[in-house]
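These are the residues of each chain, in order.
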Amino acid sequence: MTNPLVISVKSLDKWFGKFHVLQNINLEVTQGEKIVICGPSGSGKSTLVRCLNRLEVHQKGTIVVNGIELKDNVKNVDSVRADVGMVFQHFNLFPHLTILENLTLAPIWVRKMNRKDAEEIAYHYLERVQIQEQAMKFPGQLSGGQQQRVAIARSLCMKPKIMLFDEPTSALDPEMVKEVLEVMVDLAKEGMTMIVVTHEMGFAKEVADRVIFMDYGKIIEENEPGPFFSDPQHDRTKLFLSQILI
Amino acid sequence: MEENKEEKSRIKIILKWLKDNLFYNPLSSFITILIIYGIINILIPSYQWLFVDSLLNGDAEACRKVEGACLAFLKEKTRYILLGMYPQDEHWRPVLNVFIYLALLVFSRDRSRWGKKLLGLWFFFGVFSFFLMRGGIFGLEFVETDKWSGLPLTLMLATVAITVSYPLGILLALGRRSKMGVVRLLSIGYIELIRGVPLISILFMSSVMFPLFLPKGIVINKLLRAQVAIIMFISAYMAEVIRGGLQAIPNGQYEASDSLGLNYFQKMRLVILPQALKIVIPPTVNTSISMFKDTSLVMIIALQDMMYTAKGAMSDPHWLGFSVEAYIFMAVLYFCFCFSLGKYSRRLEKELDTGLA
Ligand SMILES: Nc1ncnc2c1ncn2[C@@H]1O[C@H](COP(=O)(O)OP(=O)(O)OP(=O)(O)O)[C@@H](O)[C@H]1O
Ligand SMILES: [Mg+2]
């Protein structure tokens, strides 16, 4: 039995002004799948991921997420966003709220949960990312690695069906990368559908079902991690891998 | 012996402090001496003028004979300056209002008390103080708004103007950054129009021109018109101050809110505005202080605020020639309010500081 389709991108095109940033992208993701996207800087990885929850607006093609097509309808967009978690390179925690408030904000206001239930869930996820002692602190008082784990927990509190990660470890000091990746590996093992933009090839090898290589706004190559790393087909992929794997 | 030693070491410490802080090189010594000279030349004569050579009891004739301040003039006129034309027998009403107002301000200092209840309390006080001033119910004598004057009038104009213009400013600032073209254009138009015109001309328009546009028979109270004019004026400035704060919020905050599924209003209310408004506390208070003082301009349309009554006191034929005393009195009053406002804002900033992320 195949898993249901949760993301379906068909002939997607996007321009920034005259700049053709995404060109004829086709992508299907089934429930529980883990996709890693890599590629050189400026190739459009972030833009593609951000199209999936409409932080960016596309001009051509269709994007269907959880059965809802992303178009101008604000209600639809908000409901897709509520079910799709996103983790950013720079965490983007809310600095004026405590860690606990960061986690309960969306469940209370978007899911209309009462405060007590929301806090219960928040503590559950804080425990999972192992920072429950920091619940009453403010983001500014935490290390980068801790902040990123809070950011992941904040998304998880919405019980998302899909998680998007845009270079979640590239703003971190090397010693903190591991703690964040561990959380992500755990999440993958539990069956979360994940789309991860990253250059952490170890992570890709460990959890990805598919690795996608992008360049100049196109998907150049797409394969399971084994063959992708051992036997890349395209010259550009080879070049990229040789640069990144030194 | 022992004590003597201690004494000596203490003197040493003081001398060291003086050397480190006031005389550490020739330039600093020179500046220190200059400042001490200046202080002596200003403070001592002021002290003399106010306390030594002044006259507290007596009439204008006696006052003119002394070199110092005519405190007798202030003693005689303070009541008039503070309460103006409000009927003498009813003076307890504005006085009570001012006291409740000050008490409420002090009570509201603590951020832990902020909330819907306090807001309700202020609203209730607004209604209460209005009827207490106006009368006409509960057997209170009716007092026309033309007779409201002095300190209560100044406080009312400033407080109402600042509290109403703050939310209006927020709306205008959001409007100016809105994606909806019409809303944005209207906001920009309003802000730029109002900012391009001096407050005096807006006040004049409200008092002279505006009534001409009204249908015959409809009269809108002059005080209300002035109040609205001031609100309109401050709102434009508040909007620009707040817009500055909105611009300082990084895009990531918008994106994080969006990605969690918060809608526009939730995003603004829960994430963006709390941060933006905090950043702009200093310029907000700056604007408020400046507007507090600018309310004194209403005297040109013959509303009798504190400045107006002070002028009235100066031009009393029996007490001519004591304007310095009156102006200094005004300065002290305005300073007390503005200084407290500034001091409170610094405290608020400290309390709201959560360390940047
Ligand atoms: N808002 C924007 N307006 C105009 N151009 C943009 C905008 N955002 C991104 N771009 C451009 O689009 C291209 C793709 O950007 P994108 O951020 O998707 O790249 P990326 O693959 O994520 O790169 P990186 O590895 O540096 O994050 C870049 O050339 C970038 O300069
Ligand atoms: Mg990127």
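A brief look at the structure comes next. (Residues numbered from 1 in each chain as written. Chains lettered and ligands numbered in written order. Predicted model: local features only at pLDDT ≥ 70, side-chain atom pairs only at ≥ 80, totals over all residues. Heavy atoms only, no water.)

## As for the packing of helix 7 (residues 150-176) of chain B against helix 8 (residues 181-195) of chain B
Residue and element names in this part refer to chain B.
Point 1. At a minimum axis separation of 7 Å, helix 7 and helix 8 run at an interaxial angle of 125 degrees. The angle between helix 7 and helix 8 places the two elements in the oblique class. Note that helix 7 runs across helix 8; the crossing there is left-handed. Residue-level inspection shows Leu-172, Gly-175 and Arg-176 of helix 7 in contact with helix 8, the latter providing Val-183, Arg-184, Ser-187, Ile-188, Tyr-190, Ile-191 and Glu-192.
Point 2. Residue composition of the contact of helix 7 with helix 8, by class: five nonpolar, two polar and three charged. (Axes fitted to C-alpha atoms, helices over the stretch in contact; angles between N-to-C directions. Helix = DSSP H or I, 4+ residues; strand = E, 2+ residues; numbered from the N terminus. Parallel < 35°, antiparallel > 145°, perpendicular 65-115°, else oblique. Left-handed = near helix turned anticlockwise from the far one by under 90°. Contact = heavy atoms within 4.5 Å. Nonpolar A, V, L, I, M, F, W, Y, C, P; charged D, E, K, R; others polar.)

## Describing the site of ligand 1
All names here are of chain A.
Point 1. In the vicinity of ligand 1, the contacting residues are Phe-16, Phe-19, Val-21, Pro-40, Ser-41, Gly-42, Ser-43, Gly-44, Lys-45, Ser-46, Thr-47 and Glu-167.
Point 2. Relative to its unbound accessible area of 630 Å², ligand 1 is 58% covered by the protein chains.
Point 3. For the shell around ligand 1, the element with the most residues is helix 1 (residues 45-51), which contributes three residues.
Point 4. Broken down by class, the residue content of the shell around ligand 1 amounts to four nonpolar, six polar and two charged. (Near = heavy atom within 4 Å. Areas by Shrake-Rupley, 256 points an atom, 1.4 Å probe, with all protein chains shown as cover.)

## Some thoughts on the sheet that holds strand 10 (residues 218-223) of chain A
All names here are of chain A.
Point 1. Strand order across the open sheet formed by six strands is 6-7-8-3-9-10, with mixed pairing between neighbours. With partners counted over all chains shown, the strands left at the sheet margins are strand 6 (84-87) and strand 10, one partner each. Between one strand and the next, the sheet's axes are offset by a mean angle of 15 degrees, whatever the strand orientation.
Point 2. As paired strands, strand 3 (residues 34-38) and strand 8 (residues 193-197) are joined by four bridges and run parallel to one another. Considered in strand 8, the bridge of Val-36 is made with Val-196.
Point 3. Most of the contacts of helix 2 (residues 74-83) go to strand 6, to which it runs at about 65 degrees, and overall it touches strand 6 and strand 7 (162-166). (Pairing = 2+ DSSP bridges.)

## A look at the pattern of salt bridges
Point 1. Inspection of the entire model under this criterion finds 27 salt bridges over all chains.
Point 2. With a shortest N-O distance of 2.9 Å, Arg128(A) and Glu190(A) are connected by a salt bridge. Here Arg128(A) is found in helix 4 (residues 115-128), whereas its partner Glu190(A) is found in the loop between helix 6 (174-189) and strand 8, with 62 residues between them in sequence.
Point 3. Relative accessible area serves as the criterion here: at 28%, Arg128(A) is assigned to the partly exposed category.
Point 4. Assessed through its relative accessible area of 53%, Glu190(A) is described here as exposed.
Point 5. One salt bridge connects Lys77(B) with Asp316(B), and the closest N-O pair in it is separated by 2.5 Å. Here Asp316(B) lies in the loop between helix 14 (306-314) and helix 15 (323-352) and Lys77(B) lies in helix 4 (residues 71-83), a separation of 239 residues in the sequence.
Point 6. With a relative accessible area of 11%, Lys77(B) lands in the buried category.
Point 7. Residue classification places Asp316(B) among the buried residues on the basis of a relative accessible area of 15%. (Salt bridge = Lys/Arg side-chain N within 4 Å of Asp/Glu carboxyl O. Buried < 20%, exposed > 50% of the residue type's maximum accessible area, 1.4 Å probe, protein only.)

## Observations regarding the interface of chain B and chain A
Point 1. Tallying the contact residues gives 21 residues for chain B and 25 residues for chain A.
Point 2. In total, about 2,000 Å² of surface goes out of reach between chain B and chain A, with carbon and sulfur atoms giving 63% of it.
Point 3. One can count two salt bridges joining chain B with chain A.
Point 4. Asp258(B) serves as the salt-bridge partner of Arg81(A), at 3.9 Å between the closest nitrogen and oxygen.
Point 5. Between the two partners, chain B and chain A, sit six residue pairs in polar contact (both at pLDDT 80 or more).
Point 6. Among the elements that line the side of chain B that touches chain A, the one with the most residues is helix 11 (residues 251-259) of chain B, at seven residues.
Point 7. Grouping the constituent residues of the side of chain B that touches chain A by class yields eight nonpolar, ten polar and three charged. (Buried area = accessible area lost by both parts, 1.4 Å probe. Polar contact = N/O pair within 3.5 Å; in protein donor to acceptor, adjacent residues only side chain to side chain.)

## Some thoughts on the nonpolar core
Point 1. Among the nonpolar cores identified, the biggest contains 53 residues, and Ile7(A), Ile37(A) and Ile195(A) are the most heavily contacted of them.
Point 2. The element best represented in this core is helix 12 (residues 264-279) of chain B, accounting for seven residues.
Point 3. Apart from the residues within four sequence positions on either side, Ile7(A) is in contact with Leu27(A), Glu28(A), Val29(A), Leu52(A), Val64(A), Val65(A), Ile162(A) and Ile195(A).
Point 4. Residues Phe91(A), Ile121(A), Ala151(A) and Cys157(A) belong to the second largest nonpolar core, which totals 49 residues. (Core = buried A, V, L, I, M, F, W, Y, C linked by side-chain atoms within 4.5 Å.)

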